[in-house]
Amino acid sequence: MSRRRSNNLQVPQANAALQQLKYEAAQELGITIPQDGYYGNVVSRETGSLGGYITKKLVQQAEQSLSGSGRMQ
C-alpha cells in the first residue's frame, strides 16, 4: 500500500533550501535529525517544536520579503 503525501512542495526547486532550514533549525534547538529519515523514534514534542520553529522562520522571511526589506535570515 502506498501512502500519498499531503505535504507536497508547491515549488519543488525549494527542496534543498527547506532541507537546509530544517537542519539549521534542528541544530539551534538541539534536536538530532534521524539519518535514515524515520521520525518514529523521535519524541513528538521535538518534532512539533522543530515544525513550529521552521514555520516561524518561514513566516518571518515572507514578512521581510513582502515589506520590501529583502533581508533574509
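Look above for the structure.
Calculation notes
Residues numbered from 1 in each chain as written. Predicted model: local features only at pLDDT ≥ 70, side-chain atom pairs only at ≥ 80, totals over all residues. Heavy atoms only, no water. Core = buried A, V, L, I, M, F, W, Y, C linked by side-chain atoms within 4.5 Å. Buried < 20%, exposed > 50% of the residue type's maximum accessible area, 1.4 Å probe, protein only. Helix = DSSP H or I, 4+ residues; strand = E, 2+ residues; numbered from the N terminus. Contact = heavy atoms within 4.5 Å. Polar contact = N/O pair within 3.5 Å; in protein donor to acceptor, adjacent residues only side chain to side chain. Expected span 1.5 Å × (residues − 1).

**Thoughts on the nonpolar core**
Part 1 of the reasoning: Leu 21, Ala 25, Ala 26, Ile 31, Ile 33, Leu 50, Tyr 53 and Ile 54 together form the largest nonpolar core, which totals eight residues.
Part 2 of the reasoning: Those elements that place two or more of their residues in this core are helix H1 (15–29) and helix H2 (44–67).
Part 3 of the reasoning: Ignoring any residue separated from it by four or fewer positions in sequence, one finds Leu 50 in contact with Lys 22, Ala 25, Ala 26, Leu 29, Ile 31 and Ile 33.

**Concerning the environment of Ser 67**
Part 1 of the reasoning: Inspection of the secondary structure puts Ser 67 in helix H2.
Part 2 of the reasoning: Relative accessible area serves as the criterion here: at 53%, Ser 67 is assigned to the exposed category.
Part 3 of the reasoning: Among the polar contacts listed, one links the side chain of Ser 67 to the backbone oxygen of Gln 64, at a separation of 2.9 Å.

**Some thoughts on H2**
Part 1 of the reasoning: The end-to-end C-alpha distance of H2 is 34 Å, a good match for the 34 Å that 24 residues give at a rise of 1.5 Å each.
Part 2 of the reasoning: Here H2 has its buried residues at Leu 50, Tyr 53, Ile 54, Lys 57, Gln 61 and Gln 64.
Part 3 of the reasoning: If you follow the buried residues of H2, they end up packed against H1.
Part 4 of the reasoning: Of the residues trailing H2, Gly 68 is marked for its positive phi of about 90°.

Limitation: the analysis is restricted to geometry and does not speak to function.
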